[in-house]
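This is what each chain is made of:
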Amino acid sequence: PNLQSALNTGLSVEDNENDDVKIFPNPTKGMIYLSLPSDSTVLSAKIFNVLGEEINTFIISNSNNLIDVSRLSNGLYILKFETNKTSKSFKIIKY
């Protein structure tokens, strides 16, 4: 049920290569930086495990666009965030 719920709520990860939104470094040991167009503001950011369960919600300051994932166990996660312009999901690897 959790996986189906995640699929139904838009946790799919698209090919984001040609997008103005970037995340790095990926894989990461702790901090992830969101690179956004200058006219974008992050409204929310959430991390989900591969089962679609929400692990954490982050408050992101517009001055640094950093997400601290250092407390997560090593593994594969989905980072979903919304800005005033778009909503994106990325696969991230924590090691």
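Before any of the text, the structure's been laid out above.
Just so it is clear, the model here is predicted, and its values are computed rather than measured.

On to the sheet that holds strand E5 (residues 66-68), then. Spatially, the three strands line up as an open sheet ordered E1-E2-E5, and their pairing is antiparallel. What marks the edges here is a single partner per strand, and that holds for strand E1 (22-24) and E5. Across this sheet, the average inter-strand angle for adjacent strands is 25°, counted without regard to direction. Pairing of E1 with strand E2 (residues 31-35) involves three bridges; the strand directions are antiparallel. For Phe24, the partnering residue across the bridge sits in E2 and is Tyr33.

This brings us to the packing of aromatic side chains. Across all of its chains, the model carries two aromatic pairs by this definition. With centroids separated by 5.1 Å and ring planes inclined at 55°, the aromatic side chains of Phe24 and Tyr33 adopt a geometry described as tilted. Using a relative accessible area of 41% as the deciding quantity, one classes Phe24 as partly exposed. When its relative accessible area of 31% is taken as the criterion, Tyr33 is described as partly exposed. Judged by centre distance (5.9 Å) and plane angle (5°), the rings of Phe81 and Phe90 are stacked.

On to the environment of Glu82. With respect to the helices and strands, Glu82 occurs in strand E6 (residues 75-83). Taking the C-alpha atoms as reference, Glu82 lies 5.3 Å from Ser44; in sequence the two are 38 residues apart. Among residues more than four places away in sequence, those in contact with Glu82 are Thr41, Val42, Leu43, Ser44 and Ser87.

Turning to the pairing of strand E7 (residues 87-94), a few remarks are in order. Pairing analysis gives eight bridges linking E6 to E7, with the strands arranged antiparallel. The residue of E7 that forms the bridge with Tyr77 is Ile92. Counted between consecutive antiparallel strands, the loop separating E6 from E7 contains three residues.

What counts and how
Residues numbered from 1 in each chain as written. Predicted model: local features only at pLDDT ≥ 70, side-chain atom pairs only at ≥ 80, totals over all residues. Heavy atoms only, no water. Pairing = 2+ DSSP bridges. Helix = DSSP H or I, 4+ residues; strand = E, 2+ residues; numbered from the N terminus. Axes fitted to C-alpha atoms, helices over the stretch in contact; angles between N-to-C directions. Phe/Tyr/Trp six-rings, centres within 6.5 Å; stacked < 30°, edge-to-face > 60°. Buried < 20%, exposed > 50% of the residue type's maximum accessible area, 1.4 Å probe, protein only. Contact = heavy atoms within 4.5 Å.

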